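Coordinate analysis (summary)
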Amino acid sequence: MAEGFINCGGRPAKKAVLRARELAKRGADTIAFASCIQKGTPVGFPCPFAKKMKELIHKDSGDKIQILDYIH
């Protein structure tokens, strides 16, 4: 099991797919979105690109990568 952490690349998450590919290349089989991305906790502002980012990563990786909506 490989573990790692990487951010989305900032707004508008243009680098999210490339970074997900890099995680997979290094052995990751699951990507967990931080709670702040979709829920906006603790800052109260969810990422407006969260849904699209998740869709793009899933489209690019297929079933090779499991995507978790939040970490806690």
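Report on the accompanying structure. None of the values given here were measured: they were computed from a predicted structure. (Residues numbered from 1 in each chain as written. Predicted model: local features only at pLDDT ≥ 70, side-chain atom pairs only at ≥ 80, totals over all residues. Heavy atoms only, no water.)

This paragraph deals with the pattern of salt bridges. Applying the stated rule across the entire model yields three salt bridges. For the salt bridge of Arg 21 with Asp 60, the shortest nitrogen-to-oxygen distance reads 2.8 Å. In this pair, Arg 21 is assigned in helix H1 (residues 16–25) and Asp 60 in helix H3 (residues 50–61), connecting sequence segments 39 residues apart. Among the salt bridges present, the one from Arg 26 reaches Glu 22, with a minimum N-O distance of 2.6 Å. A relative accessible area of 64% means that Arg 26 is categorised as exposed. One network of salt bridges, in which partners are shared, links Glu 22, Lys 25 and Arg 26. (Salt bridge = Lys/Arg side-chain N within 4 Å of Asp/Glu carboxyl O. Helix = DSSP H or I, 4+ residues; strand = E, 2+ residues; numbered from the N terminus. Buried < 20%, exposed > 50% of the residue type's maximum accessible area, 1.4 Å probe, protein only.)

Before going further, it helps to examine H1. When we look at burial in H1, the residues that qualify are Ala 16, Val 17, Ala 20 and Leu 23. All buried residues of H1 lie within an arc of 115° about the axis, which places them on one face of the element. Across H1 from its buried face, at more than 90 degrees, point the exposed residues Leu 18 and Lys 25. After H1 finishes, the residue Gly 27 shows a positive phi value of roughly 110°. (Arc of directions from axis to C-beta.)

Taking 1.5 Å as the rise per residue, H3 with 12 residues should run 16 Å; its terminal C-alpha atoms sit 16 Å apart, in good agreement. Looking at the buried side of H3, the elements it contacts are H1, strand E1 (30–32), helix H2 (35–38) and strand E2 (66–68). Directly beyond the C-terminal end of H3, a positive phi value near 65° is found at Gly 62. (Expected span 1.5 Å × (residues − 1). Contact = heavy atoms within 4.5 Å.)

Core analysis: the biggest nonpolar cluster contains 15 residues, and Ile 31, Phe 33, Ile 37, Met 53 and Ile 57 have the highest contact counts within it. Sorting the residues of this core by element identifies H1 and H3 as the ones contributing at least two each. Top element by residues in this core is H1. It accounts for four residues. Contacts of Met 53, omitting those with residues within four sequence positions, involve Cys 8, Ala 13, Ala 16, Phe 33, Ile 37 and Cys 47. (Core = buried A, V, L, I, M, F, W, Y, C linked by side-chain atoms within 4.5 Å.)

With that settled, consider the environment of Lys 39. Here Lys 39 lies in the loop between H2 and H3. Relative accessible area serves as the criterion here: at 45%, Lys 39 is assigned to the partly exposed category. Taking the C-alpha atoms as reference points, Lys 39 and Asp 69, separated by 30 residues in sequence, lie 9.3 Å from one another.

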